[in-house]
Structure formats: structure tokens, C-alpha cells
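Fold and geometry: a report
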Amino acid sequence: MSVSTATLRYPSYMNNDLIGLISPLIPTPRLHFLMTGYTPLSSEQEATSIRKTTVLDVMRRLLQPKNMMVSTAHDRNAQQRYISILNIIQGEVDPGQVHKSLQRIRERKLANFITWSPASIQVALSRKSPYIQTPHRVSGLMLANHTNISSVLLQ
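Every value quoted in this text rests on a predicted model; they were computed, and no experiment measured them. (Residues numbered from 1 in each chain as written. Predicted model: local features only at pLDDT ≥ 70, side-chain atom pairs only at ≥ 80, totals over all residues. Heavy atoms only, no water.)

Strands in a sheet are paired, the pairing made by backbone hydrogen bonds, and the direction either parallel or antiparallel. Ordered in space as β1-β4-β2-β3, the 4 strands form an open sheet in which the pairing is mixed. Because the sheet does not close on itself, it has two edges, and the strands there are β1 (34-39) and β3 (121-126). On average, each strand axis in the sheet is tilted by 15° relative to the strand beside it, whichever way the strands run. Here β1 pairs with strand β4 (residues 138-146) via 6 bridges, running antiparallel. Bridging from a neighbouring strand, L34 pairs with N145 of β4. Where helix α3 (residues 55-62) meets the sheet, it contacts β1, β2 (82-91), β3 and β4, and its direction lies at approximately 35° from that of β4. (Pairing = 2+ DSSP bridges. Helix = DSSP H or I, 4+ residues; strand = E, 2+ residues; numbered from the N terminus. Axes fitted to C-alpha atoms, helices over the stretch in contact; angles between N-to-C directions. Contact = heavy atoms within 4.5 Å.)

Bringing the pairing of β2 into the picture now. Within β2, 10 of the 10 residues are buried, leaving the element largely enclosed by the surrounding structure. The pairing of β2 with β4 spans 9 bridges and is classified as antiparallel. Among the inter-strand pairings, L86 is bridged to a residue of β4, identified as L143. Where β2 meets β3, 6 bridges bridge the pair, whose relative direction is parallel. (Buried < 20%, exposed > 50% of the residue type's maximum accessible area, 1.4 Å probe, protein only.)

With that settled, the discussion passes to unusual backbone geometry. The omega torsion across T39 and P40 is -10°, close enough to zero to call that bond cis. The residue P40 is located in the loop between β1 and α3 in this model. Even without being a glycine, K109 presents a positive backbone phi close to 55°. As for its placement among the helices and strands, K109 is situated in the loop between α4 (95-108) and β3. What makes K109 exposed here is its relative accessible area of 64%.

What follows is the structure, given as C-alpha cells:
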């Protein structure tokens, strides 16, 4: 979760304000339960097994249920949709790669959004920590407002 404040600690050229990053995730005060995802999540022994850490691979993996930090019931037939997504990508990343990755995600329809609000995947770029060395070139944290969180709250 320290990645969520990495944009403040290791500033990049854009999105250095935490309030500005979080406010688009919550369209109304009642929709404030966020789900998180992180990739690549690995131990030091497993670090060599993760081959690709391109921006597209990281952003695609962030949308997969196995990378979520909340266990919810994922049913393909249900009307579960994203309200909004914030991806914090950490590492040396070209903004052109981010734009191409967002286009591919839209073309492949990897994320289903609600119809009553504009679909948004917001991306913040952050530098890597100079103090912690990781074998991955790019890593990512996703903060998502998703309708599926209601299944957790009903339990």
C-alpha cells in the first residue's frame, strides 16, 4: 500500500496531489468502498518467474480478480461493473506506453463500467523508490470503485 503515497514521496511530472488522485474515484459520498490490487506480487524466490513487466501487462493484470486484495464472488453473468479506476504505475514508464495500454484495454473491453457515469481509468505515474531494489521494471497498484464490493459488505 505504500505505492498509494509514492507519487507524493517520489514525485513525477504529473499527479502529485493525493486529493486530486482519489477524488475522481468516489462520485458520490455513499460510494466510498475501494478495492485494491497489486502486481507483480511475488516473494524474492518467485521474482524470477515473472517474465513480463511492461505497462500493458501490468495494467491488464491489475484488472484480473487474482490480483485483488479483496476476495469477492466474480460471476461473469452478473452485472458487476467498475465505477472508476485509479492505476498508480511505478517505474520508468513512457506516457506513450500508458496511452497505448489504455487503448488496448478499451478495445478488448477488459473493464466493464457503469452506464450512468463516464468510464474512467485514471493513471498516475511514479518513480521507483531509490531505497528498495526490485527485479521488476514496472509495478502497479489499482484502487478501484467496483459494484462487486457489495458482496463483501452483505456477508
